[in-house]
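# Remarks on the overall topology
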Amino acid sequence: MTRRYQRKHSREQLGLFPEALDERISDDNPVRAIDAYVDTLDLTSLHFTNVSSSSNRGQPPFDPASLLKLYLYGYMNGVRSSRKLEKECQRNLEVIWLMEKQQPGYKSIANFRKDNADALVRVNRDFLLLCRSLNLVSQDLVAIDGSFFQGNASLKSIRTHKGLQSQLRKLEERIRQYHESLDAEDQDESQHSTDGELPDKLKRLLDEKAKLDQALKTLESSDERQLSDTDPDARKLFKNGQKMAGYNVQVAVEADRQLIVASDVTNDANDQQQLHAIAAQAKNALEADQLTVLADAGYFEQSNIKQCQDDNILPYVPEPNKQRAIKDAGRYGREDFIYDSEADRYRCPAGKFLSKTGQSHRKNNKLRDKYVSKKADCDQCPLRQHCLASKSRTRQIYRWVHEDSLDDHRQRMEAEGAVRMRQRAALVEHVFGTLKTRMGWTHFLVRGFRKVRGEWSLAVVGYNLTRVLNILGTSVFLKFCEHLKELILYLLFWIGRCYRPIPNDQHASY
Ligand code: SF4
């Protein structure tokens, strides 16, 4: 007889041999890797809270190792809210196993993430060290990218100087109108029945104005250009039609296994000032003598390119074409003029020279020299209509005093730029897509740089751990963690022996 459906088992059926919880978790379940990894950590040196609680009063706290395991599980499986994690502790077999049947409330879970933000950043660094000991990380090449993440704030809660001034103007106009209506009513005694209504409204408006004045004063006395009411560090970010209140997250991904080796959370919508900071962070994290860095055109900024090269970081960043308007007008662009470093002058397409004139002057925080062609040369030049603007008599070129460093970069880009940019896209562009879709990660749940960086660190460890497990397999990773734990115990034993206090009677013999 054929069965129509798979066999079901009665809920009331008792087993002959009682099952241990451990038997329900397969040997290669990633949850075992989370458990093993967290057990290798020294939570005291990472400065987690409640590591050595000695108070006998009240309920003992939950073990921070268990809460860290719970969060890592959550960030690897798209469950980040403390209320959802609380439920998982009660119904999810993997979490019940991981938590060893502890069932913390959502407040304890949420407080752990808030109170241990800095410690979570340290765990992120520790996991990179572990990846390096596993020889999974390339030390010579990284690709950099950034992406906007929604903060725990709305666009409305973030105010700009311009917006505040406009609000203030409107409010002042309304106050003026109320004053006028009050004056009119004073003259018309028949309207006196509404006494009290208008002054109340006026009081509310004046209170509102005082708040706006205060906000404007706060903004003007700070270096900031925006003021956020809910999340103090979130900012209005705009790019390519994207508009949100949140943070611009930067990552550096290494070339071998595409693991995130450096990351930071900023609130600057523009990537231009991020290149050197994130590249230097990656170089330090990898302890590399020299590092090649690939980034898209949004990261091109002259000082950042120079800083990178000064620090032995070799950047490949496409230079935005600012000469397009000149080219479109059919005129020679700057690249048609060749710089002669020995003579410190430019040679134009007609073979004439542009010489340096006057003193260097500063523009956009950069010291520049001016090179000008001779009027006599240009007057007779057959190419002048392809070179000079309609009202110009000579051609001028401005050169940043550190332009040599950019010339080196331009040469590299000319030789390898296309290949390097394809390599960049393959290495880094999938990272944010993976984080935002598979891991259910689109916005931060906490507020302020410190906590947001802690939350971001959880996401990065979750991402890197998932990749490591995909590359090595859970069993290899478990064996490594086991050896690591043995090694740590061995080292602790010997450190304990070496630093054992000398007994008093031995002191006497010296
Ligand atoms: S117009 Fe002047 S600068 Fe331009 S190509 Fe002719 S000589 Fe050179």
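Residues numbered from 1 in each chain as written. Predicted model: local features only at pLDDT ≥ 70, side-chain atom pairs only at ≥ 80, totals over all residues. Heavy atoms only, no water.

Under an unreviewed UniProt entry, the protein has the name IS1182 family transposase and belongs to Parathalassolituus penaei.

### Re the overall build of the protein
Within the protein, the regular secondary structure consists of 16 helices and 13 strands. Its C-alpha atoms give the protein a radius of gyration of 32 Å, clearly above 24 Å, the size a compact globule of 510 residues would have. For the C-alpha atoms alone, the extent of the protein along its principal axes is close to 105 × 90 × 90 Å. Relative to its full complement of 510 residues, the protein shows a buried share of 41%. A sequence separation of at least 24 residues applies to 69% of the contacts in the protein between residues at least 6 apart. Surface exposure of the protein reaches about 30200 Å², of which carbon and sulfur atoms provide 47%. Of the charged side chains in the protein, 79 are positive and 71 negative; the average position of the first set lies 4 Å away from that of the second. (Helix = DSSP H or I, 4+ residues; strand = E, 2+ residues; numbered from the N terminus. Rg over C-alpha atoms; globule rule 2.2 N^0.38 Å. Buried < 20%, exposed > 50% of the residue type's maximum accessible area, 1.4 Å probe, protein only. Contact = heavy atoms within 4.5 Å. Areas by Shrake-Rupley, 256 points an atom, 1.4 Å probe, with all protein chains shown as cover. Lys, Arg positive; Asp, Glu negative; His and termini not counted. Charge placed at Lys NZ, Arg CZ, Asp CG, Glu CD.)

### What to know about the sheet that holds strand S9 (residues 338-340)
Spatially, S9-S10-S11-S12-S13 is the arrangement adopted by the five strands of the open sheet, whose pairing is antiparallel. Looking at the sheet topology across the chains shown, the edges are occupied by S9 and strand S13 (396-400). The sheet shows a mean angle of 35° between the axes of neighbouring strands, taken without regard to direction. Two elements, strand S12 (residues 366-373) and S13, share five bridges in a ladder whose sense is antiparallel. Pairing of Tyr371 across the sheet is with Ile397, part of S13. Here helix H13 (residues 403-437) sits on the sheet in contact with S9 and S13, set at roughly 95° to S13. (Pairing = 2+ DSSP bridges. Axes fitted to C-alpha atoms, helices over the stretch in contact; angles between N-to-C directions.)

### Points about the UniProt feature "domain: Transposase DDE" (unreviewed entry) in the protein
Under the feature "domain: Transposase DDE" (unreviewed entry), the UniProt entry names residues 348-468. Split by type, residues 348-468 is 50% helix and 20% strand. Its first and last C-alpha atoms lie 55 Å apart. (UniProt positions renumbered as here; feature names shortened; annotations may be inferred.)

### A word on the site of the ligand
Around the ligand, a shell composed of Cys348, Ala350, Lys352, Ser373, Asp377, Cys378, Cys381, Arg384, Cys387, Leu388 and Arg395 is seen. Here the residues of the shell around the ligand are counted per class, giving six nonpolar, one polar and four charged. (Near = heavy atom within 4 Å. Nonpolar A, V, L, I, M, F, W, Y, C, P; charged D, E, K, R; others polar.)

### Re the side chain of Thr292
Within the secondary structure, Thr292 sits in strand S7 (residues 291-294). Ignoring sequence-local partners within four residues, the contact set of Thr292 consists of Asp140, Leu141, Val142, Leu314, Tyr316 and Arg420.

### A word on a nonpolar patch on the surface
A grouping of Leu487, Ile488, Leu489, Tyr490, Leu491, Leu492, Phe493, Trp494 and Ile495 is seen on the molecular surface, where their side chains present a nonpolar patch of about 910 Å² in accessible area. For Ile495, the position within the fold is in helix H15 (residues 474-498). Among the residues examined, Ile495 registers a relative accessible area of 46% and is labelled partly exposed. (Patch = residues over 30% accessible without salt bridge, like charges linked within 9 Å, V, L, I, M, F, W, Y side chains within 5 Å. Salt bridge = Lys/Arg side-chain N within 4 Å of Asp/Glu carboxyl O.)

### Things to note about the domain arrangement of the protein
As far as domains go, the protein holds domain 1 (21-53 + 60-115 + 473-497), domain 2 (141-150 + 234-320 + 407-437), domain 3 (158-228) and domain 4 (324-402). A C-alpha centroid distance of 32 Å is found between domain 1 and domain 2. (Domains from an automatic or database assignment.)

### As for the nonpolar core
One finds Tyr37, Leu68, Trp456 and Phe477 to be the most contacted residues of the largest nonpolar core, which totals 105 residues. With eleven residues, helix H14 (residues 449-472) is the largest single contributor of residues to this core. The contact partners of Leu68, leaving out residues within four places of it in the chain, are Val38, Leu41, Leu43, Phe48, Phe112, Leu120, Val123 and Leu458. Counting residues in each nonpolar core, the second largest holds twelve residues, with Leu168, Leu205, Ala215 and Leu219 among its members. (Core = buried A, V, L, I, M, F, W, Y, C linked by side-chain atoms within 4.5 Å.)

### So, the side chain of Asn248
Structurally, Asn248 is set in strand S5 (residues 242-254). Assessed through its relative accessible area of 0%, Asn248 is described here as buried. Looking at Asn248, its side chain comes within polar contact range of the side chain of Gln250, at 3.2 Å. For Asn248, the residues in contact, after removing those within four places along its chain, are Gly146, Ser147, Phe148, Leu237, Asp264, Val265, Thr266, Asn267, Asp268, Ala269, Asn270 and Asp271. (Polar contact = N/O pair within 3.5 Å; in protein donor to acceptor, adjacent residues only side chain to side chain.)

### Concerning the packing of aromatic side chains
Enumeration according to the criterion identifies 13 aromatic pairs in this entry. Consider the rings of Tyr71 and Tyr75, whose centres lie 6.2 Å apart with planes at 50°: the pair is tilted. Of this pair, Tyr71 and Tyr75 are both found in helix H2 (residues 64-76), four residues apart, which corresponds to roughly one turn of the helix. Neither Tyr71 nor Tyr75 differs from the other in exposure class; each is buried. Here the aromatic residues Phe149, Tyr247, Phe432, Phe444, Phe449 and Trp456 are joined through ring pairs into a cluster of three or more. Positioned over the ring face of Tyr316 is Arg412, at 5.4 Å from the centre of the ring. (Phe/Tyr/Trp six-rings, centres within 6.5 Å; stacked < 30°, edge-to-face > 60°. Lys NZ or Arg CZ within 6 Å of the ring centre and 35° of its normal.)

### Structural notes on the pattern of salt bridges
Going through the model one piece at a time under the given rule, you end up with 32 salt bridges. Here Asp379 ties to Lys375 by a salt bridge, and the two come within 3.0 Å at their closest N and O atoms. One end of the pair, Asp379, and the other, Lys375, are both in helix H12 (residues 375-379), four residues apart, so they sit about a helical turn from each other. Here Arg399 and Asp404 are joined by a salt bridge, their closest N and O atoms 2.7 Å apart. You can call Asp404 partly exposed: its relative accessible area is 46%. Through salt bridges with shared partners, a single network forms among Glu319, Arg334, Arg399, Glu403, Asp404, Asp407 and Arg410.

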